[in-house]
Amino acid sequence: MEQNEALEALQNPDFSRIDWPTFEKADATRNTNGKIINAIAKGVPSFLGGSADLSPSNKTYLNDMGTYPKGRNIYFGIREHAMASIANAMALYGSLLPFTSTFFVFSDYLKPSARIAALTGIQQFFIWTHDSIGVGEDGPTHQPIEHLSQFRALPNFYVWRPADGSENVEAWKTALEMRKSPSAFVCSRQNLSKLPQAVVGDASKGGYLLSKDEDAQYTLIASGSEVQLALDTKALLNKEGIKVNVVSVPCYDLFVEQEQSYIETIIIPSTKKVAIEAARGLEWYRVADVVIGMDSFGASAPASQLFDKFGFTPEKIVQEIK
């Protein structure tokens, strides 16, 4: 009887058993993601996975897994393509919900497996940390520039770039229900501030209105670490009497799939629309008039210096808007 119950739990995971964590302070989304996947693993026996030799940095080690403390963690080694291919096979075999992880820039090495997951409708969860020039001193070889655009362009593949722990939870809640699509969670190395409550919409639809001014002249659109930058830019513009809305889009792919009526309640058509992203960001032209993004590779320096160097400070964004 116990074996039958265990098999049923594997084949039909009950996501209501997950005790989702809450987050009340600034933290890196790689850290909040680590707490979230541990909560999922405790509630869902079929959830397991590992890293391409980077679990301490990816924060993807599963702790206190009861009877099989080591069996839920897979040590793939430095072989990203093989790792993602193995996880694809595990998901196809059935009853398992596998995740894999590495630095975001190393997603290049597993792109064929990610594409097969999308093409075949395999529910694999890709966890990619160190999401931007915020990686800092590791330099341009470790700073992803084109990668968000690359994976957002992949059909049936949902890229989540959460801006805080609460968005991270909503991302996982949504992704777990998408049984015929892979999802990627692109997480920060640096701490990100806790966001205020949504004004209109919610993260489960890919994007929502985070901060609103009546008769706004501008809409600032961002994901991940640039959401707080957008809020800080709004504060400076407000001091000059310029009214601004801020939109957080943790999942561009899901957001642009929504009905146009929803999109237009989040991004008001009459406003001047400015997307901000510390990456290439060309896909934002689908919803924005102007994109403030990266036109080059990164550099080696502390994260704060790099954001300043490449124009991602409130003062420099205000200058760009003007």
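Presented here is a report on the structure given in the accompanying data block. (Residues numbered from 1 in each chain as written. Predicted model: local features only at pLDDT ≥ 70, side-chain atom pairs only at ≥ 80, totals over all residues. Heavy atoms only, no water.)

What follows concerns the environment of Ser225. Mapped onto the elements, Ser225 comes out in the loop between strand E11 (218-222) and helix H8 (226-239). On the basis of relative accessible area, Ser225 is assigned to the buried category, the value being 11%. Once residues lying within four places of it in the same chain are set aside, the contact partners of Ser225 are Ser132, Arg161, Gln190, Leu192 and Phe307. Of the polar contacts made by the side chain of Ser225, one reaches the side chain of Glu226; its length is 2.4 Å. (Helix = DSSP H or I, 4+ residues; strand = E, 2+ residues; numbered from the N terminus. Buried < 20%, exposed > 50% of the residue type's maximum accessible area, 1.4 Å probe, protein only. Contact = heavy atoms within 4.5 Å. Polar contact = N/O pair within 3.5 Å; in protein donor to acceptor, adjacent residues only side chain to side chain.)

Turning next to the sheet that holds strand E5 (residues 125-129). Spatially, E3-E2-E4-E5-E7-E6 is the arrangement adopted by the six strands of the open sheet, whose pairing is parallel. In this open sheet, the two strands that pair with only one neighbour each are strand E3 (73-75) and strand E6 (158-160). Ignoring strand direction, the axes of neighbouring strands in this sheet form an average angle of 20°. Lying over the sheet, helix H7 (residues 165-176) contacts strand E2 (47-51), E5, E6 and strand E7 (183-187), oriented at roughly 170° with respect to E7. (Pairing = 2+ DSSP bridges. Axes fitted to C-alpha atoms, helices over the stretch in contact; angles between N-to-C directions.)

As a further point, take the pairing of E7. With five of its five residues buried, E7 lies for the most part within the structure. Of the two faces of E7, the one carrying Ser183, Phe185 and Cys187 and the one carrying Ala184 and Val186 are both buried. Pairing analysis gives five bridges linking E5 to E7, with the strands arranged parallel. When the sheet's bridge partners are listed, Trp128 is paired in E7 with Val186. Handedness of the crossover is the feature at issue here: the chain leaves E6, passes through H7, returns alongside E7, and the resulting connection is right-handed. (Right-handed = clockwise from strand over helix to strand, strands pointing away.)

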